[in-house]
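# Geometric and topological summary
Listed below are the residues making up each chain.
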Amino acid sequence: MQNKYPIGILGATGMVGQRFIQLLENHPWFEITWLAASDRSSGKIYGDAAKWRLDTPLPERIARMTVSPAEPEGAPKIVFASVDAAYARELEPRFAAAGCAVVSNSSAFRMAPNVPLVLPEVNAEHLHLIEEQSWRKESGGYIVTNSNCTVMGPVMALKPIADRFGIEQIFATSMQAVSGAGYPGVASMDILDNVVPYISNEEEKMEEEMLKLLGKLDGRAVKPLAARMSASCNRVPVVDGHTVSVSVKLARKATREEILAAWAEFRPLAGQNLPSAPDQPVEWAPQQDRPQPRLDRNRGKGMTATVGRLRPCGVLDWKFTVLSHNTIRGAAGATILNAELLASLGKLEPVAEIAARS
């Protein structure tokens, strides 16, 4: 791809916005041409507006860019969005109405009937829902979302199991990193030497989003997976990496070897050459004390879900532990991969037209 898609970042100064910038540096398909943030940052040079928090240098070109107002005027036609849900409910439809493809990390529209909640390895076919959106019909714009950061790891691990054996019940207990709360996150006196057994709306998001992601597209809507789901969510003193303990009841009995084979053979994006897609989306860790956030969160450049501790469950059928990087796979990386999938399907403006206009 010789000509890159110009893209904008809505919410560019936040932690997910910064992760977008980090992951998009030298991306073969996308080039950042527009940054937008709140009124307090608008008009400033990005290097002055954002306090860079990541472990790689802020690219000099980005540091020199001026932060624009969070308005569709002047924005490119592809926007990666990561703003609080309350603002997203107002802003994202305005960008879609202006003809923008809004690829969002916000929770605002994830459960809307005509908005696809997509994890490319799991439910790429749900992208057809964009054709049901009024913005698509009127201006060409639309909204696509990725899931809550805690949901992605378990869904990646459950998808090949659901396809082969069916799932009737899911119990999930999360141990979530503090970076999931954004910056500055949880106060140190609240999280050090502690576990906080409550994260606002997190359990509801896990239960609803997981069943939608694992559901089937039925005409103009998604029919959620017909399984019973229960989640318990906890904040733990880890910087990055959400760990989830999962128990499942299967519709058809499966052996340990069959489940391991389902994970090993799960490569639905193989051959599509999407730059951010990991070669092995679900990777087995055979050690009895893995996965661990510090040791395993960066597998597949942070895009792989690592599973371990598969063993029989005394209440349901099987239980296991899954780990995923919450700000890469669970946030910015997932949004970028969704955009790559949209590009591969011809759902973004053709590069030739972008080049002709620029």
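## What about the overall build of the protein chain?
A count of helical and extended segments in the protein chain gives 13 helices and 14 strands. Against the globule reference of 21 Å for 358 residues, the protein chain gives a C-alpha radius of gyration of 20 Å, in line with a compact fold. The principal-axis extents of the C-alpha atoms in the protein chain amount to approximately 60 × 50 × 35 Å. A buried classification covers 56% of the 358 residues belonging to the protein chain. Within the protein chain, counting contacts between residues at least 6 apart in sequence, those at least 24 apart form 74% of the total. Per element, the accessible surface of the protein chain, about 15700 Å² overall, is 49% carbon and sulfur. Positive and negative charge centroids in the protein chain, built from 39 and 39 side chains respectively, lie 3 Å apart.

## Here we look at the packing of helix 7 (residues 149-165) against helix 10 (residues 256-264)
For the pair helix 7 and helix 10, the least separation of the axes is 9 Å and the interaxial angle reads 120°. Considered as vectors, helix 7 and helix 10 are oriented oblique to each other. As for how helix 7 packs across helix 10, the hand of that crossing is right-handed. Along the contact surface, helix 7 presents Ala 157, Pro 160, Ile 161, Arg 164 and Phe 165, while helix 10 presents Glu 258, Ile 259, Ala 261, Ala 262 and Trp 263. Looking at the contact of helix 7 with helix 10 residue by residue, the classes come out as 8 nonpolar, no polar and 2 charged.

## Section: the nonpolar core
Proteins that are soluble and globular tend to have nonpolar side chains buried together. Counting 45 residues, the largest nonpolar core has Phe 30, Tyr 46 and Phe 80 as the members making the most contacts within it. At 9 residues, the largest contribution of residues to this core is made by helix 12 (residues 328-344). Counting residues in each nonpolar core, the second largest holds 43 residues, with Ile 167, Ile 199, Val 246 and Trp 263 among its members.

## Points about the sheet that holds strand 13 (residues 305-312)
Here we have 6 strands laid out as an open sheet, ordered 10-7-11-14-13-12, and mixed in their pairing. Both outer strands of the open sheet, strand 10 (228-235) and strand 12 (282-284), are each paired with one neighbouring strand and no more. Adjacent strand axes in the sheet meet at a mean angle of 25°, parallel and antiparallel pairs treated alike. Helix 7 rests against strand 7 (167-176), strand 11 (242-250), strand 12, strand 13 and strand 14 (318-324) of the sheet, and its axis sits at about 25° to strand 11.

## Comments concerning the pairing of strand 1 (residues 5-10)
Regular strands show a simple pattern: their side chains alternate between the two faces of the sheet. Within strand 1, 6 of the 6 residues are buried, leaving the element largely enclosed by the surrounding structure. Neither face of strand 1 is left uncovered, since the one carrying Tyr 5, Ile 7 and Ile 9 and the one carrying Pro 6, Gly 8 and Leu 10 both have all their residues buried. Where strand 1 lies against strand 2 (residues 30-37), 6 bridges are found, and the strand directions are parallel. Of the residues in strand 2, the one forming a bridge with Ile 9 is Leu 35. Taken together, strand 1, helix 1 (residues 15-24) and strand 2 constitute a β-α-β crossover, and its handedness is right-handed. With 3 bridges connecting them, strand 1 and strand 4 (residues 78-81) associate as parallel partners. Bridging from a neighbouring strand, Gly 8 pairs with Val 79 of strand 4.

## Focus on the pattern of salt bridges
It is possible for side chains bearing opposite charge to pair when their charged atoms get close. For the structure on display, the rule yields 14 salt bridges. The salt bridge involving Lys 347 is made with Glu 131; its shortest N-O contact spans 2.8 Å. Here the residue Lys 347 occupies a position in the loop between helix 12 and helix 13 (351-357), and Glu 131 occupies one in the loop between helix 5 (120-123) and helix 6 (134-138), the gap between them amounting to 216 residues. On the basis of relative accessibility, which here comes to 24%, the residue Lys 347 falls in the partly exposed class. Judged by relative accessible area, which is 24%, Glu 131 ranks as partly exposed. The closest approach of N and O atoms between Glu 265 and Arg 164, which form a salt bridge, is 2.5 Å. On the criterion of sequence distance, the pair formed by Glu 265 in the loop between helix 10 and strand 12 and Arg 164 in helix 7 is long-range, its members being 101 residues apart.

## Things to note about the side chain of His 242
Among the secondary structure elements, His 242 is positioned in strand 11. The contacts of His 242, once residues within four sequence positions are left out, are Cys 149, Thr 150, Met 175, Gln 176, Ala 177, Gly 180, Arg 235, Val 322, Leu 323, Ser 324 and Asn 326.

## Things to note about the pairing of strand 6 (residues 142-145)
Alternating positions in strand 6 separate into two faces, Tyr 142 and Val 144 on one and Ile 143 and Thr 145 on the other, with burial throughout. The pairing of strand 5 (residues 101-104) with strand 6 spans 4 bridges and is classified as parallel. Looking across to strand 6, one finds that Val 102 is bridged to Ile 143.

## Structural notes on the environment of Ile 336
For Ile 336, the position within the fold is in helix 12. By relative accessible area, Ile 336 is classed as buried at 1%. Expressed as a C-alpha distance, the spacing of Ile 336 and Gln 176, which sit 160 residues apart in the sequence, is 22 Å. Setting aside chain neighbours within four positions, we find Ile 336 in contact with Phe 20, Leu 23, Leu 24, His 27, Phe 30, Phe 80 and Ser 276.

## Digging into the packing of aromatic side chains
Tallied over the entire structure, the rule returns 6 aromatic pairs. Ring centres of Phe 30 and Phe 80 lie 5.7 Å apart, and the angle between their planes is 90°; this geometry places the pair in the edge-to-face category. With a gap of 50 residues between them, Phe 30 in strand 2 and Phe 80 in strand 4 connect regions that are remote in the sequence. Relative to Phe 320, the ring of Trp 263 has its centre 5.2 Å away and its plane inclined at 80°; by these criteria the two rings are edge-to-face. A residue pair is termed long-range when its members are at least 10 positions apart, and Trp 263 in helix 10 and Phe 320 in strand 14 qualify at 57 residues. Classification of Trp 263 as buried rests on a relative accessible area of 1%. Taken together, the aromatic side chains of Tyr 5, Phe 20, Phe 30 and Phe 80 make up a single cluster linked through ring pairs.

Reading the values: rules and limits
- Residues numbered from 1 in each chain as written.
- Predicted model: local features only at pLDDT ≥ 70, side-chain atom pairs only at ≥ 80, totals over all residues.
- Heavy atoms only, no water.
- Helix = DSSP H or I, 4+ residues; strand = E, 2+ residues; numbered from the N terminus.
- Rg over C-alpha atoms; globule rule 2.2 N^0.38 Å.
- Buried < 20%, exposed > 50% of the residue type's maximum accessible area, 1.4 Å probe, protein only.
- Contact = heavy atoms within 4.5 Å.
- Areas by Shrake-Rupley, 256 points an atom, 1.4 Å probe, with all protein chains shown as cover.
- Lys, Arg positive; Asp, Glu negative; His and termini not counted.
- Charge placed at Lys NZ, Arg CZ, Asp CG, Glu CD.
- Axes fitted to C-alpha atoms, helices over the stretch in contact; angles between N-to-C directions.
- Parallel < 35°, antiparallel > 145°, perpendicular 65-115°, else oblique.
- Left-handed = near helix turned anticlockwise from the far one by under 90°.
- Nonpolar A, V, L, I, M, F, W, Y, C, P; charged D, E, K, R; others polar.
- Core = buried A, V, L, I, M, F, W, Y, C linked by side-chain atoms within 4.5 Å.
- Pairing = 2+ DSSP bridges.
- Right-handed = clockwise from strand over helix to strand, strands pointing away.
- Salt bridge = Lys/Arg side-chain N within 4 Å of Asp/Glu carboxyl O.
- Phe/Tyr/Trp six-rings, centres within 6.5 Å; stacked < 30°, edge-to-face > 60°.

Spatial relationships are all this shows, so hold off on functional conclusions.
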